[in-house]
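Each chain, written out:
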Amino acid sequence: MADSSAGSTMKPRVMTKTQKRTRYIAVTAMLSAIATVLMYIEIVVPFMPSFIKLDLSDLPSLIGSFAMGPVYGVVIAAVKNLLHLFFTSSGGVGELSNFLLNAAFVLPAGLIYRFRKSKKGAIAGALTGAVVMAALSVPINYFIVYPFYTAFMPMDAIIKMYQVINPAIRDGDLLQCLVTFNMPFTFVKAMLSVVVTFLIYKPLSPLIHGTNRG
């Protein structure tokens, strides 16, 4: 809001392109660090097999995608997973999967918002990103993640963990497991990040863009 004291209006400080780029790089580094920390804060979900946990590490890249553009959102997702590689327990498979899903989420969200900068545009972008992420979770898990799991646990044992929760799951039908459990779980996970982003984005935006007045 404008401050009209002494009959004048204070204007936000305008940054040069170089200053803006430098600020965005610093913000990207900060959001990447926060995302990396969030990857370690995992919550066990009662209605999912025990090896699937919930985290909000997609949140910083969604904020970055809205605030600075989709490329920055994807970069945050990449840096987060590159940093997590130093402590990986999946030989990089988990990080690859996380990056692909995170990028599938924030790229369409940021692109839609970039060309339609309004609340409706942000909602449309976020919903589109969440749907794309959920849909892609099926082939990514089917072809990348679960083949890795079978090196440590037989596929039948993995599917039985789903059957404990839903006995209607057919024996040997991994695809049914992924569509019934993983896809809606991934959508809900994405929407949690969307809700938090909409709650905190407005106060964070001036800090990211350096438009605080003073």
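Provided above is the structure to which this section pertains.
This text gives an overview of the structure that appears in the document. All figures in this text were calculated on a predicted structure; none of them were measured in a lab. (Residues numbered from 1 in each chain as written. Predicted model: local features only at pLDDT ≥ 70, side-chain atom pairs only at ≥ 80, totals over all residues. Heavy atoms only, no water.)

**Let's talk about the overall build of the protein chain**
Here's step 1: Helix and strand counts for the protein chain come out as 7 helices and 2 strands.
Here's step 2: Mapped in sequence order, the helices and strands of the protein chain form the string α-β-β-α-α-α-α-α-α.
Here's step 3: In the protein chain, which comprises 214 residues, the share counted as buried stands at 42%.
Here's step 4: By sequence separation, contacts in the protein chain at least 24 residues apart represent 66% of the contacts at least 6 residues apart.
Here's step 5: Entry remark: accessible area of the protein chain is about 11700 Å², with carbon and sulfur atoms responsible for 70%.
Here's step 6: On the protein chain, the mean spot of the 18 positive side-chain charges and the mean spot of the 8 negative ones are 21 Å from each other. (Helix = DSSP H or I, 4+ residues; strand = E, 2+ residues; numbered from the N terminus. Buried < 20%, exposed > 50% of the residue type's maximum accessible area, 1.4 Å probe, protein only. Contact = heavy atoms within 4.5 Å. Areas by Shrake-Rupley, 256 points an atom, 1.4 Å probe, with all protein chains shown as cover. Lys, Arg positive; Asp, Glu negative; His and termini not counted. Charge placed at Lys NZ, Arg CZ, Asp CG, Glu CD.)

**Describing the packing of helix α4 (residues 93-115) against helix α5 (residues 119-149)**
Here's step 1: Orientation of α4 relative to α5, taken along the N-to-C sense of each, is 160°, at an axis distance of 7 Å. Viewed along their axes, α4 and α5 adopt a mutual orientation that is roughly antiparallel. The way α4 lies across α5 gives a crossing that is right-handed.
Here's step 2: Looking at the contact of α4 with α5 residue by residue, the class counts come to 21 nonpolar, 6 polar and no charged. (Axes fitted to C-alpha atoms, helices over the stretch in contact; angles between N-to-C directions. Parallel < 35°, antiparallel > 145°, perpendicular 65-115°, else oblique. Left-handed = near helix turned anticlockwise from the far one by under 90°. Nonpolar A, V, L, I, M, F, W, Y, C, P; charged D, E, K, R; others polar.)

**Re the pattern of salt bridges**
Here's step 1: Enumeration over the complete set of coordinates arrives at 4 salt bridges.
Here's step 2: Between Asp55 and Lys189 there is a salt bridge, and its shortest N-O distance comes to 4.0 Å. Placement of Asp55 in the loop between β2 (53-54) and α2 (59-68) and of Lys189 in helix α7 (residues 174-209) is noted, with a sequence separation of 134 residues between them. Lys189 shares its class with Asp55; the two are buried.
Here's step 3: For Asp173, the salt bridge is made with Arg170, and the minimal N-O distance between the two is 2.6 Å.
Here's step 4: For Asp173, a relative accessible area of 17% translates into the label buried.
Here's step 5: Each member of the salt-bridge network shares a partner with another, and the members are Asp55, Asp58, Lys80 and Lys189. (Salt bridge = Lys/Arg side-chain N within 4 Å of Asp/Glu carboxyl O.)

**Section: helix α1 (residues 17-39)**
Here's step 1: For α1, with 23 residues, the first-to-last C-alpha span of 32 Å sits near the 33 Å given by 1.5 Å per residue.
Here's step 2: Listed as buried for α1 are Tyr24, Val27, Thr28, Leu31, Ser32, Ala35, Thr36 and Met39.
Here's step 3: Looking at the buried residues of α1, the elements they touch are α2, α3 (70-84), α4 and α7. (Expected span 1.5 Å × (residues − 1).)

These values are about where atoms sit, not about what they do.
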